[in-house]
Amino acid sequence: MNSRLINWFKFSSPATFYPLAGRLVPWFGGAAAVLIAVGLYMSFFVAPTDYKQGEGYRIIFVHVPSAWMSMFIYVVMAVWSGLGLVFNTRLSAMMANALAPTGAMFTFVALWTGAFWGKPMWGAWWVWDARLTSELILLFLYIGFMALQGAIDDPRRADRAGAILALVGVVNIPIIYYSVTWWNTLHQGASVSVTKGSSMGVIMLVTMLIMAFGFWAYSIAVALSRVRSVILERERDTTWVAELAEVRR
Amino acid sequence: MFEAFLTIVRRDLILAIRRRSDIFSTLFFFVIVVSLFPLGIGPELNTLRLIAPGVVWVAALLASMLALERLFSADHDDGTLEQMLLAPQPLFILVLGKVTAHWLVTGVPLVLIAPLLGIQYDLSTQALQMLLVTLLLGTPALSLIGAIGAALTIGVRGGGVLVSLLVLPLYIPVLIFGAGAVEADVSGLGAQGHLSLLGAILILALLLAPLATSAALRVSAE
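Calculation notes
Residues numbered from 1 in each chain as written. Chains lettered and ligands numbered in written order. Predicted model: local features only at pLDDT ≥ 70, side-chain atom pairs only at ≥ 80, totals over all residues. Heavy atoms only, no water. Helix = DSSP H or I, 4+ residues; strand = E, 2+ residues; numbered from the N terminus. Rg over C-alpha atoms; globule rule 2.2 N^0.38 Å. Expected span 1.5 Å × (residues − 1). Axes fitted to C-alpha atoms, helices over the stretch in contact; angles between N-to-C directions. Parallel < 35°, antiparallel > 145°, perpendicular 65-115°, else oblique. Left-handed = near helix turned anticlockwise from the far one by under 90°. Contact = heavy atoms within 4.5 Å. Nonpolar A, V, L, I, M, F, W, Y, C, P; charged D, E, K, R; others polar. Buried area = accessible area lost by both parts, 1.4 Å probe. Salt bridge = Lys/Arg side-chain N within 4 Å of Asp/Glu carboxyl O. Polar contact = N/O pair within 3.5 Å; in protein donor to acceptor, adjacent residues only side chain to side chain. pLDDT = per-residue confidence, 0-100. Buried < 20%, exposed > 50% of the residue type's maximum accessible area, 1.4 Å probe, protein only. Core = buried A, V, L, I, M, F, W, Y, C linked by side-chain atoms within 4.5 Å. Bend = angle between axes of the 7 residues up to and from the residue. Phe/Tyr/Trp six-rings, centres within 6.5 Å; stacked < 30°, edge-to-face > 60°. Patch = residues over 30% accessible without salt bridge, like charges linked within 9 Å, V, L, I, M, F, W, Y side chains within 5 Å. Areas by Shrake-Rupley, 256 points an atom, 1.4 Å probe, with all protein chains shown as cover.

> Just give me the short version of the overall build of chain B, but keep the residues and values in it.
Helix and strand counts for chain B stand at 8 helices and 0 strands. Reading chain B from its N end, one meets helices and strands in the order α-α-α-α-α-α-α-α. Relative to the 2.2 N^0.38 estimate, which gives 17 Å for 222 residues, the radius of gyration of chain B is 18 Å and therefore close to what a compact globule would have. Viewed in the frame of its principal axes, chain B has a C-alpha envelope of about 55 × 35 × 30 Å.

Okay, structure coming up:
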(Lines give C-alpha, C1' and ligand atoms only; values in the text may rest on other atoms or scores of the structure.)
Protein backbone atom coordinates (compact mmCIF):
# COMPACT_ATOMS: atom_id res chain seq x y z
CA MET A 1 0.00 0.00 0.00
CA ASN A 2 1.08 3.51 -0.74
CA SER A 3 2.75 5.10 2.29
CA ARG A 4 0.86 8.38 2.01
CA LEU A 5 -2.43 6.56 2.37
CA ILE A 6 -1.34 4.96 5.63
CA ASN A 7 -0.30 8.36 6.95
CA TRP A 8 -3.70 9.73 6.06
CA PHE A 9 -5.54 7.17 8.12
CA LYS A 10 -3.15 7.36 11.07
CA PHE A 11 -5.18 10.06 12.80
CA SER A 12 -8.50 8.35 12.20
CA SER A 13 -7.94 6.43 15.41
CA PRO A 14 -9.23 8.26 18.50
CA ALA A 15 -6.08 7.30 20.43
CA THR A 16 -3.79 9.15 18.00
CA PHE A 17 -6.20 11.97 17.27
CA TYR A 18 -6.79 12.88 20.90
CA PRO A 19 -3.25 14.28 21.57
CA LEU A 20 -3.14 15.91 18.10
CA ALA A 21 -6.43 17.72 18.80
CA GLY A 22 -5.06 18.77 22.17
CA ARG A 23 -2.02 20.35 20.49
CA LEU A 24 -4.11 22.12 17.82
CA VAL A 25 -6.78 23.63 20.10
CA PRO A 26 -4.62 26.44 21.61
CA TRP A 27 -3.38 27.48 18.15
CA PHE A 28 -6.83 27.76 16.65
CA GLY A 29 -8.23 29.28 19.85
CA GLY A 30 -5.48 31.93 19.84
CA ALA A 31 -5.99 32.64 16.14
CA ALA A 32 -9.74 32.98 16.72
CA ALA A 33 -9.24 35.43 19.59
CA VAL A 34 -6.81 37.62 17.60
CA LEU A 35 -8.81 37.56 14.36
CA ILE A 36 -12.16 38.28 16.01
CA ALA A 37 -10.62 41.10 18.10
CA VAL A 38 -9.07 42.69 14.99
CA GLY A 39 -12.25 42.10 13.00
CA LEU A 40 -14.47 43.70 15.65
CA TYR A 41 -12.13 46.70 15.95
CA MET A 42 -12.15 47.16 12.19
CA SER A 43 -15.90 46.72 11.90
CA PHE A 44 -16.59 49.33 14.58
CA PHE A 45 -13.85 51.93 13.97
CA VAL A 46 -12.20 51.42 10.58
CA ALA A 47 -14.99 50.45 8.18
CA PRO A 48 -16.76 53.54 6.80
CA THR A 49 -20.42 54.29 7.37
CA ASP A 50 -22.60 53.00 4.57
CA TYR A 51 -24.17 55.82 2.58
CA LYS A 52 -27.51 54.06 2.29
CA GLN A 53 -27.86 51.92 5.40
CA GLY A 54 -26.09 54.14 7.95
CA GLU A 55 -24.37 52.66 11.01
CA GLY A 56 -26.84 49.80 11.28
CA TYR A 57 -25.18 47.92 8.46
CA ARG A 58 -22.21 47.09 10.72
CA ILE A 59 -24.10 44.06 12.02
CA ILE A 60 -23.36 42.28 8.74
CA PHE A 61 -19.76 41.79 9.91
CA VAL A 62 -21.18 39.26 12.38
CA HIS A 63 -24.26 38.24 10.42
CA VAL A 64 -22.71 37.22 7.09
CA PRO A 65 -19.76 35.22 8.49
CA SER A 66 -22.03 33.37 10.93
CA ALA A 67 -24.49 32.58 8.13
CA TRP A 68 -21.59 31.27 6.02
CA MET A 69 -20.38 29.16 8.92
CA SER A 70 -23.86 27.80 9.64
CA MET A 71 -24.07 26.38 6.11
CA PHE A 72 -20.42 25.38 5.85
CA ILE A 73 -20.43 23.49 9.17
CA TYR A 74 -23.47 21.51 8.03
CA VAL A 75 -21.67 20.51 4.83
CA VAL A 76 -18.58 19.52 6.82
CA MET A 77 -20.79 17.55 9.19
CA ALA A 78 -22.41 15.75 6.26
CA VAL A 79 -18.97 14.98 4.77
CA TRP A 80 -17.78 13.51 8.08
CA SER A 81 -21.03 11.53 8.30
CA GLY A 82 -20.54 10.19 4.78
CA LEU A 83 -16.93 9.24 5.55
CA GLY A 84 -18.10 7.54 8.72
CA LEU A 85 -20.67 5.49 6.82
CA VAL A 86 -18.25 4.55 4.04
CA PHE A 87 -15.06 3.80 5.99
CA ASN A 88 -16.77 2.84 9.25
CA THR A 89 -14.40 5.03 11.26
CA ARG A 90 -15.51 5.94 14.76
CA LEU A 91 -13.77 9.31 14.74
CA SER A 92 -15.80 10.66 11.78
CA ALA A 93 -19.07 10.29 13.62
CA MET A 94 -17.52 11.86 16.70
CA MET A 95 -16.46 14.86 14.60
CA ALA A 96 -19.99 15.23 13.20
CA ASN A 97 -21.27 14.99 16.73
CA ALA A 98 -18.87 17.67 17.93
CA LEU A 99 -19.66 20.06 15.07
CA ALA A 100 -23.46 20.05 15.43
CA PRO A 101 -23.80 22.34 18.50
CA THR A 102 -21.41 24.91 17.00
CA GLY A 103 -23.34 24.87 13.73
CA ALA A 104 -26.64 25.29 15.53
CA MET A 105 -25.15 28.19 17.50
CA PHE A 106 -24.01 29.96 14.32
CA THR A 107 -27.41 29.39 12.69
CA PHE A 108 -29.06 30.94 15.71
CA VAL A 109 -26.62 33.88 15.69
CA ALA A 110 -27.28 34.43 11.97
CA LEU A 111 -31.05 34.48 12.54
CA TRP A 112 -30.76 36.67 15.64
CA THR A 113 -28.44 39.28 14.10
CA GLY A 114 -30.60 39.17 10.98
CA ALA A 115 -33.60 40.11 13.12
CA PHE A 116 -31.65 43.05 14.60
CA TRP A 117 -30.71 44.15 11.10
CA GLY A 118 -34.22 43.65 9.76
CA LYS A 119 -35.96 45.82 12.34
CA PRO A 120 -34.36 49.14 11.27
CA MET A 121 -33.95 48.23 7.56
CA TRP A 122 -37.20 46.42 6.74
CA GLY A 123 -39.24 47.57 9.73
CA ALA A 124 -39.89 43.99 10.88
CA TRP A 125 -38.03 41.56 13.11
CA TRP A 126 -38.96 38.66 10.90
CA VAL A 127 -40.32 38.22 7.40
CA TRP A 128 -41.26 34.90 5.81
CA ASP A 129 -38.80 35.23 2.99
CA ALA A 130 -37.16 32.27 1.28
CA ARG A 131 -33.71 32.72 2.76
CA LEU A 132 -34.91 33.34 6.31
CA THR A 133 -37.23 30.36 6.16
CA SER A 134 -34.61 28.02 4.77
CA GLU A 135 -32.11 29.16 7.41
CA LEU A 136 -34.76 28.40 10.04
CA ILE A 137 -35.16 24.92 8.54
CA LEU A 138 -31.39 24.53 8.89
CA LEU A 139 -31.71 25.29 12.61
CA PHE A 140 -34.44 22.63 12.87
CA LEU A 141 -32.19 20.16 11.05
CA TYR A 142 -29.35 20.75 13.52
CA ILE A 143 -31.77 20.36 16.43
CA GLY A 144 -33.22 17.17 14.91
CA PHE A 145 -29.71 15.77 14.43
CA MET A 146 -28.81 16.45 18.06
CA ALA A 147 -32.16 15.13 19.32
CA LEU A 148 -31.76 11.90 17.35
CA GLN A 149 -28.22 11.42 18.68
CA GLY A 150 -29.45 12.07 22.20
CA ALA A 151 -32.43 9.73 21.99
CA ILE A 152 -30.52 6.61 20.90
CA ASP A 153 -28.56 5.01 23.71
CA ASP A 154 -26.29 2.78 21.65
CA PRO A 155 -23.56 5.16 20.40
CA ARG A 156 -22.87 3.13 17.28
CA ARG A 157 -26.47 3.17 16.15
CA ALA A 158 -26.79 6.85 17.15
CA ASP A 159 -23.79 7.70 14.95
CA ARG A 160 -25.07 5.89 11.90
CA ALA A 161 -28.65 7.13 12.25
CA GLY A 162 -27.37 10.68 12.70
CA ALA A 163 -25.14 10.28 9.65
CA ILE A 164 -28.08 9.28 7.45
CA LEU A 165 -30.12 12.21 8.73
CA ALA A 166 -27.25 14.63 8.11
CA LEU A 167 -26.86 13.37 4.55
CA VAL A 168 -30.59 13.66 3.86
CA GLY A 169 -30.67 17.20 5.26
CA VAL A 170 -27.82 18.39 3.08
CA VAL A 171 -30.32 19.08 0.23
CA ASN A 172 -31.28 22.19 2.16
CA ILE A 173 -27.85 23.84 1.82
CA PRO A 174 -28.02 24.72 -1.91
CA ILE A 175 -31.61 25.89 -1.36
CA ILE A 176 -30.46 28.39 1.29
CA TYR A 177 -27.47 29.50 -0.72
CA TYR A 178 -29.34 30.10 -3.97
CA SER A 179 -32.65 31.19 -2.41
CA VAL A 180 -31.87 34.86 -3.05
CA THR A 181 -31.25 34.18 -6.74
CA TRP A 182 -34.06 31.70 -7.31
CA TRP A 183 -36.79 33.68 -5.58
CA ASN A 184 -37.17 37.40 -5.83
CA THR A 185 -37.41 38.14 -2.12
CA LEU A 186 -36.80 40.82 0.45
CA HIS A 187 -33.41 39.50 1.55
CA GLN A 188 -30.77 41.17 -0.57
CA GLY A 189 -28.61 39.14 -2.94
CA ALA A 190 -25.16 37.90 -2.02
CA SER A 191 -22.68 40.76 -1.49
CA VAL A 192 -19.66 38.56 -2.12
CA SER A 193 -19.46 35.92 -4.81
CA VAL A 194 -16.69 33.81 -6.22
CA THR A 195 -17.46 34.54 -9.86
CA LYS A 196 -18.46 38.19 -9.78
CA GLY A 197 -16.20 39.44 -6.99
CA SER A 198 -17.57 41.74 -4.37
CA SER A 199 -20.09 44.55 -4.54
CA MET A 200 -18.75 46.15 -1.34
CA GLY A 201 -15.88 48.49 -0.51
CA VAL A 202 -12.44 46.92 -0.03
CA ILE A 203 -12.21 47.74 3.70
CA MET A 204 -15.64 46.26 4.33
CA LEU A 205 -14.73 43.12 2.43
CA VAL A 206 -11.41 42.72 4.29
CA THR A 207 -13.16 43.19 7.64
CA MET A 208 -15.77 40.63 6.76
CA LEU A 209 -13.16 38.12 5.63
CA ILE A 210 -11.15 38.63 8.85
CA MET A 211 -14.30 37.97 10.86
CA ALA A 212 -15.08 34.91 8.74
CA PHE A 213 -11.59 33.48 9.32
CA GLY A 214 -11.94 34.27 13.02
CA PHE A 215 -15.22 32.36 13.19
CA TRP A 216 -13.61 29.58 11.23
CA ALA A 217 -10.74 29.27 13.72
CA TYR A 218 -13.22 29.47 16.59
CA SER A 219 -15.32 26.63 15.13
CA ILE A 220 -12.27 24.43 14.65
CA ALA A 221 -11.01 25.11 18.18
CA VAL A 222 -14.40 24.44 19.77
CA ALA A 223 -15.10 21.34 17.67
CA LEU A 224 -11.69 19.88 18.45
CA SER A 225 -12.00 20.44 22.17
CA ARG A 226 -15.52 19.02 22.09
CA VAL A 227 -14.39 15.97 20.15
CA ARG A 228 -11.74 15.41 22.85
CA SER A 229 -14.51 15.22 25.44
CA VAL A 230 -16.53 12.87 23.23
CA ILE A 231 -13.47 10.63 22.76
CA LEU A 232 -12.83 10.52 26.52
CA GLU A 233 -16.46 9.71 27.21
CA ARG A 234 -16.75 6.95 24.62
CA GLU A 235 -13.33 5.38 25.20
CA ARG A 236 -13.37 5.61 28.99
CA ASP A 237 -12.96 1.86 29.40
CA THR A 238 -9.84 1.56 27.25
CA THR A 239 -6.30 1.35 28.58
CA TRP A 240 -4.93 4.30 26.61
CA VAL A 241 -7.44 6.63 28.25
CA ALA A 242 -6.65 5.23 31.69
CA GLU A 243 -2.95 5.91 31.05
CA LEU A 244 -3.44 9.57 30.06
CA ALA A 245 -1.76 12.03 32.42
CA GLU A 246 -4.87 14.20 32.78
CA VAL A 247 -7.08 11.21 33.54
CA ARG A 248 -4.75 9.65 36.12
CA ARG A 249 -4.40 12.87 38.06
CA MET B 1 -38.89 -8.28 -8.21
CA PHE B 2 -42.15 -6.67 -9.20
CA GLU B 3 -43.89 -9.64 -7.62
CA ALA B 4 -42.20 -8.93 -4.31
CA PHE B 5 -43.39 -5.35 -4.55
CA LEU B 6 -46.96 -6.45 -5.22
CA THR B 7 -46.85 -9.04 -2.43
CA ILE B 8 -45.77 -6.43 0.11
CA VAL B 9 -48.42 -3.97 -1.05
CA ARG B 10 -51.14 -6.63 -0.93
CA ARG B 11 -50.03 -7.87 2.49
CA ASP B 12 -49.97 -4.39 4.02
CA LEU B 13 -53.35 -3.53 2.51
CA ILE B 14 -54.90 -6.70 3.96
CA LEU B 15 -53.40 -5.91 7.35
CA ALA B 16 -54.77 -2.37 7.13
CA ILE B 17 -58.26 -3.56 6.15
CA ARG B 18 -58.31 -5.91 9.11
CA ARG B 19 -57.50 -2.99 11.41
CA ARG B 20 -59.74 -0.35 9.92
CA SER B 21 -59.61 1.92 12.97
CA ASP B 22 -56.06 2.99 11.98
CA ILE B 23 -57.24 4.29 8.62
CA PHE B 24 -60.17 6.14 10.12
CA SER B 25 -58.23 7.69 12.98
CA THR B 26 -55.82 9.35 10.52
CA LEU B 27 -58.68 10.48 8.32
CA PHE B 28 -60.69 11.94 11.18
CA PHE B 29 -57.64 13.61 12.65
CA PHE B 30 -57.27 15.39 9.30
CA VAL B 31 -60.95 16.37 9.23
CA ILE B 32 -60.93 17.62 12.83
CA VAL B 33 -57.75 19.70 12.43
CA VAL B 34 -59.16 21.37 9.31
CA SER B 35 -62.48 22.03 11.09
CA LEU B 36 -60.74 23.62 14.08
CA PHE B 37 -59.44 26.60 12.12
CA PRO B 38 -62.81 28.26 11.35
CA LEU B 39 -63.67 27.86 15.04
CA GLY B 40 -60.45 29.55 16.09
CA ILE B 41 -60.26 32.23 13.42
CA GLY B 42 -63.93 33.03 12.94
CA PRO B 43 -66.37 32.16 10.15
CA GLU B 44 -65.48 35.09 7.84
CA LEU B 45 -65.66 33.45 4.40
CA ASN B 46 -63.17 35.81 2.73
CA THR B 47 -60.51 34.97 5.32
CA LEU B 48 -61.28 31.27 5.16
CA ARG B 49 -61.01 31.20 1.37
CA LEU B 50 -57.59 32.81 1.72
CA ILE B 51 -56.19 30.39 4.28
CA ALA B 52 -57.88 27.21 3.00
CA PRO B 53 -54.99 25.80 0.90
CA GLY B 54 -52.50 26.36 3.71
CA VAL B 55 -54.78 24.88 6.36
CA VAL B 56 -55.59 21.78 4.32
CA TRP B 57 -51.92 21.26 3.51
CA VAL B 58 -50.71 21.71 7.10
CA ALA B 59 -53.40 19.29 8.30
CA ALA B 60 -52.37 16.77 5.62
CA LEU B 61 -48.75 17.13 6.76
CA LEU B 62 -49.64 16.48 10.39
CA ALA B 63 -51.97 13.59 9.57
CA SER B 64 -49.45 11.80 7.37
CA MET B 65 -46.79 12.37 10.05
CA LEU B 66 -48.99 10.85 12.75
CA ALA B 67 -49.50 7.75 10.64
CA LEU B 68 -45.75 7.27 10.15
CA GLU B 69 -45.25 5.60 13.50
CA ARG B 70 -47.21 2.58 12.31
CA LEU B 71 -45.21 2.21 9.11
CA PHE B 72 -42.48 -0.04 10.51
CA SER B 73 -43.20 -0.48 14.22
CA ALA B 74 -45.52 -3.49 13.97
CA ASP B 75 -43.15 -5.26 11.58
CA HIS B 76 -40.27 -4.46 13.89
CA ASP B 77 -42.08 -5.84 16.94
CA ASP B 78 -42.97 -9.21 15.45
CA GLY B 79 -39.71 -9.71 13.58
CA THR B 80 -41.08 -9.37 10.04
CA LEU B 81 -38.70 -6.51 9.42
CA GLU B 82 -35.65 -8.67 10.05
CA GLN B 83 -36.96 -11.23 7.57
CA MET B 84 -37.37 -8.45 5.02
CA LEU B 85 -33.79 -7.36 5.58
CA LEU B 86 -32.64 -10.93 4.98
CA ALA B 87 -34.84 -11.47 1.92
CA PRO B 88 -33.11 -12.01 -1.44
CA GLN B 89 -35.17 -9.23 -3.06
CA PRO B 90 -33.60 -5.75 -2.90
CA LEU B 91 -34.66 -3.82 0.17
CA PHE B 92 -35.34 -0.80 -2.05
CA ILE B 93 -38.30 -2.63 -3.64
CA LEU B 94 -39.64 -3.86 -0.31
CA VAL B 95 -39.45 -0.38 1.20
CA LEU B 96 -41.13 1.05 -1.88
CA GLY B 97 -43.91 -1.51 -1.47
CA LYS B 98 -44.43 -0.65 2.18
CA VAL B 99 -44.49 3.08 1.44
CA THR B 100 -46.92 2.58 -1.45
CA ALA B 101 -49.29 0.62 0.77
CA HIS B 102 -48.92 3.25 3.49
CA TRP B 103 -49.79 5.98 1.01
CA LEU B 104 -52.80 4.05 -0.30
CA VAL B 105 -54.05 3.65 3.27
CA THR B 106 -53.31 7.09 4.72
CA GLY B 107 -52.66 9.43 1.78
CA VAL B 108 -55.43 8.57 -0.66
CA PRO B 109 -58.29 8.99 1.86
CA LEU B 110 -56.96 12.47 2.66
CA VAL B 111 -56.87 13.37 -1.03
CA LEU B 112 -60.43 12.11 -1.50
CA ILE B 113 -61.90 13.96 1.47
CA ALA B 114 -60.01 17.22 0.80
CA PRO B 115 -62.53 18.63 -1.77
CA LEU B 116 -65.30 18.21 0.78
CA LEU B 117 -63.34 20.22 3.32
CA GLY B 118 -62.51 22.74 0.61
CA ILE B 119 -66.25 23.30 0.08
CA GLN B 120 -66.56 24.07 3.80
CA TYR B 121 -63.99 26.80 3.20
CA ASP B 122 -65.96 28.08 0.19
CA LEU B 123 -63.22 27.36 -2.35
CA SER B 124 -64.06 27.71 -6.04
CA THR B 125 -64.23 24.64 -8.28
CA GLN B 126 -60.99 25.63 -9.96
CA ALA B 127 -59.21 25.90 -6.61
CA LEU B 128 -60.66 22.56 -5.51
CA GLN B 129 -59.31 20.86 -8.62
CA MET B 130 -55.89 22.36 -8.05
CA LEU B 131 -55.96 21.30 -4.39
CA LEU B 132 -56.76 17.76 -5.47
CA VAL B 133 -53.90 17.71 -7.99
CA THR B 134 -51.34 19.11 -5.55
CA LEU B 135 -52.37 16.68 -2.82
CA LEU B 136 -52.18 13.83 -5.30
CA LEU B 137 -48.61 14.85 -6.20
CA GLY B 138 -47.58 15.85 -2.70
CA THR B 139 -48.85 13.16 -0.36
CA PRO B 140 -46.78 10.33 -1.92
CA ALA B 141 -43.71 12.52 -1.46
CA LEU B 142 -44.71 13.02 2.18
CA SER B 143 -44.99 9.26 2.71
CA LEU B 144 -41.63 8.66 1.02
CA ILE B 145 -39.77 11.33 2.99
CA GLY B 146 -41.52 10.39 6.21
CA ALA B 147 -40.43 6.77 5.84
CA ILE B 148 -36.82 7.90 6.40
CA GLY B 149 -37.76 9.42 9.75
CA ALA B 150 -39.87 6.40 10.68
CA ALA B 151 -37.00 4.03 9.88
CA LEU B 152 -34.50 6.11 11.87
CA THR B 153 -36.64 6.12 15.01
CA ILE B 154 -37.71 2.45 15.18
CA GLY B 155 -37.59 1.32 18.77
CA VAL B 156 -36.21 4.64 20.03
CA ARG B 157 -37.73 6.04 23.20
CA GLY B 158 -39.91 9.08 22.54
CA GLY B 159 -39.99 8.06 18.88
CA GLY B 160 -43.30 9.76 18.13
CA VAL B 161 -42.15 13.23 19.08
CA LEU B 162 -38.71 12.68 17.64
CA VAL B 163 -40.07 11.67 14.24
CA SER B 164 -41.90 14.99 13.97
CA LEU B 165 -38.69 16.86 14.76
CA LEU B 166 -36.84 14.94 12.05
CA VAL B 167 -39.49 14.84 9.36
CA LEU B 168 -41.32 18.17 9.53
CA PRO B 169 -38.32 20.29 8.42
CA LEU B 170 -37.97 18.00 5.40
CA TYR B 171 -41.70 18.33 4.67
CA ILE B 172 -41.54 22.13 4.41
CA PRO B 173 -40.68 22.33 0.67
CA VAL B 174 -43.68 20.12 -0.19
CA LEU B 175 -45.91 22.34 1.95
CA ILE B 176 -44.61 25.53 0.32
CA PHE B 177 -45.10 24.37 -3.26
CA GLY B 178 -48.34 22.48 -2.55
CA ALA B 179 -50.13 25.35 -0.87
CA GLY B 180 -48.37 27.85 -3.16
CA ALA B 181 -49.74 26.16 -6.29
CA VAL B 182 -53.34 26.58 -5.15
CA GLU B 183 -52.76 30.21 -4.16
CA ALA B 184 -50.98 31.00 -7.43
CA ASP B 185 -53.80 29.38 -9.37
CA VAL B 186 -56.50 31.30 -7.51
CA SER B 187 -54.69 34.62 -7.92
CA GLY B 188 -54.37 33.99 -11.67
CA LEU B 189 -50.59 33.65 -11.78
CA GLY B 190 -50.75 30.07 -13.00
CA ALA B 191 -49.58 27.10 -10.98
CA GLN B 192 -47.33 25.57 -13.64
CA GLY B 193 -44.03 26.33 -11.87
CA HIS B 194 -45.22 25.14 -8.48
CA LEU B 195 -46.63 21.93 -9.95
CA SER B 196 -43.41 21.21 -11.82
CA LEU B 197 -41.37 21.66 -8.64
CA LEU B 198 -43.79 19.45 -6.72
CA GLY B 199 -43.43 16.78 -9.39
CA ALA B 200 -39.64 17.14 -9.25
CA ILE B 201 -39.69 16.67 -5.48
CA LEU B 202 -41.83 13.55 -5.92
CA ILE B 203 -39.48 12.05 -8.50
CA LEU B 204 -36.39 12.79 -6.41
CA ALA B 205 -38.06 11.38 -3.31
CA LEU B 206 -39.11 8.28 -5.26
CA LEU B 207 -35.49 7.65 -6.28
CA LEU B 208 -33.59 8.65 -3.16
CA ALA B 209 -35.87 8.28 -0.14
CA PRO B 210 -36.19 4.46 -0.33
CA LEU B 211 -32.38 4.28 -0.46
CA ALA B 212 -32.04 6.38 2.70
CA THR B 213 -34.87 4.41 4.33
CA SER B 214 -33.18 1.08 3.53
CA ALA B 215 -29.91 2.35 5.01
CA ALA B 216 -31.75 3.56 8.12
CA LEU B 217 -33.54 0.20 8.48
CA ARG B 218 -30.24 -1.64 8.33
CA VAL B 219 -28.82 0.65 11.02
CA SER B 220 -31.86 0.11 13.23
CA ALA B 221 -31.70 -3.65 12.89
CA GLU B 222 -28.05 -3.99 13.89
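> Which residues make up unusual backbone geometry, and what values go with them?
Positive phi outside glycine occurs at A:Asn88, with the angle close to 60 degrees. Looking at the element boundaries, A:Asn88 is found in the loop between helix H3 (60-87) and helix H4 (90-122). Residues other than glycine seldom take positive phi values, yet B:Asp122 does so here, at roughly 60 degrees. With respect to the element layout, B:Asp122 can be found in the loop between helix H5 (91-120) and helix H6 (125-152).

> Just give me the short version of H3(A), but keep the residues and values in it.
Helix length check: H3(A) (28 residues) gives 39 Å between terminal C-alpha atoms against 40 Å at 1.5 Å per residue, within 8%. Where H3(A) ends, the next residue or the one after it, A:Asn88, has phi of about 60 degrees, a positive value.

> Describe the packing of H3(A) against helix H6 (residues 155-169) of chain A, and please don't skip the residues or the numbers.
Residue and element names in this part refer to chain A. Closest axis-to-axis distance for the H3/H6 pair is 8 Å, and the angle between their directions is 130 degrees. In terms of orientation, H3 lies oblique with respect to H6. Crossing angle aside, the handedness with which H3 passes H6 is left-handed. Contacts between H3 and H6 involve Tyr74, Met77, Ala78, Ser81, Gly82 and Leu85 from the former and Arg160, Ala163, Ile164, Leu165, Ala166, Leu167 and Gly169 from the latter. Residues belonging to the contact of H3 with H6 are distributed by class as follows: 9 nonpolar, 3 polar and 1 charged.

> Hey, could you go over the interface of chain B and chain A for me, with residue numbers and the actual values?
Contacts between the two partners involve 19 residues from chain B and, on the opposite side, 20 residues from chain A. With both sides pooled, the region where chain B packs onto chain A buries about 1700 Å², and carbon together with sulfur makes up 75% of that total. If you sort the residues of chain B by the area they bury against chain A, B:Leu152, B:Arg157 and B:Val219 come out on top, with a joint share of 29%. Counting across the interface, chain B meets chain A through 0 salt bridges. Where chain B packs against chain A, one counts 3 residue pairs in polar contact (both at pLDDT 80 or more). Going through the elements one at a time, H6, helix H7 (159-186) and helix H8 (192-221) of chain B are the ones with two or more residues in the side of chain B that touches chain A. Examining the composition of the side of chain B that touches chain A, we find that 7 residues originate from one element, H7(B), more than from any other. Counted by class, the side of chain B that touches chain A contains 15 nonpolar, 2 polar and 2 charged residues.

> Give a description of the confidence of the model for chain B that names residues and reports values.
Overall, the prediction assigns chain B a mean pLDDT of 88, with 100% of residues at 70 or greater. The ipTM, which scores confidence in the relative placement of chains, is 0.83 for this predicted complex, and the corresponding pTM is 0.85.

> Give a description of the environment of A:Met208 that names residues and reports values.
Residues and elements named next belong to chain A. Summarising the element assignment, Met208 is placed in helix H8 (residues 202-234). Look at Met208 and you get buried, because its relative accessible area is 1%. Linking Met208 and Ala31, residues 177 residues apart in sequence, is a C-alpha distance of 16 Å.

> Before we move on, could you go through the nonpolar core and cite the residues and values that matter?
Counting 118 residues, the largest nonpolar core has A:Met77, B:Phe30, B:Trp57, B:Phe72 and B:Leu152 as its most contacted members. The dominant element in this core, judged by the number of residues it contributes, is H6(B), at 14 residues. Once residues lying within four places of it in the same chain are set aside, the contact partners of B:Phe72 are B:Leu81, B:Lys98, B:Ala147, B:Ala150, B:Ala151, B:Ile154, B:Thr213 and B:Leu217. Membership of the second largest hydrophobic core comes to 14 residues, among which are A:Leu91, A:Met94, A:Ala98 and A:Leu224.

> Let's hear about H8(B): which residues, and what values?
In this model, H8(B) (30 residues) spans 42 Å end to end at C-alpha, consistent with the 44 Å of a helix rising 1.5 Å per residue. The largest bend in H8(B) amounts to roughly 35 degrees and is located at B:Ala205.

> Describe the packing of aromatic side chains, and please don't skip the residues or the numbers.
Residue and element names in this part refer to chain A. Per the stated rule, a full pass over the model turns up 13 aromatic pairs over all chains. Arranged with centres 5.2 Å apart and planes meeting at 45 degrees, the rings of Tyr41 and Phe45 form a pair that is tilted. Taken together, the positions of Tyr41 and Phe45, both in helix H2 (residues 14-46) and 4 residues apart, correspond to about one turn of that helix. Overall, the relative accessible area of 63% leaves Phe45 in the exposed class. Measuring from centroid to centroid gives 5.2 Å for Phe106 and Phe215, while their planes differ by 35 degrees, and the two rings are tilted. Of this pair, Phe106 sits in helix H4 while Phe215 is found in helix H8, placing the two residues 109 residues apart along the sequence. The class for Phe106 is buried, based on a relative accessible area of 3%.

> Tell me about a nonpolar patch on the surface, and name the residues and values.
Together, A:Leu40, A:Tyr41, A:Phe44, A:Phe45, A:Val46 and A:Ile203 make up an exposed nonpolar region whose accessible area comes to about 620 Å². The greatest single-element share of the nonpolar patch, amounting to 5 residues, is contributed by H2(A).

> I'd like to hear about the pattern of salt bridges, residue by residue, with values.
Going through the model one piece at a time under the given rule, you end up with 7 salt bridges over all chains. Between A:Arg90 and A:Glu235 there is a salt bridge whose closest N-O contact spans 2.7 Å. Here the residue A:Arg90 occupies a position in helix H4, and A:Glu235 occupies one in the loop between H8 and helix H9 (239-242), the gap between them amounting to 145 residues. Look at A:Arg90 and you get partly exposed, because its relative accessible area is 47%. Among the residues examined, A:Glu235 registers a relative accessible area of 7% and is labelled buried. Here A:Asp159 makes a salt bridge to A:Arg234, at a shortest N to O gap of 3.0 Å. Taken together, the positions of A:Asp159 in helix H6 and A:Arg234 in helix H8 put the pair 75 residues apart, joining distant regions of the chain. In the salt-bridge network here, residues are joined through shared partners; they are B:Arg11, B:Asp12, B:Asp75 and B:Lys98.

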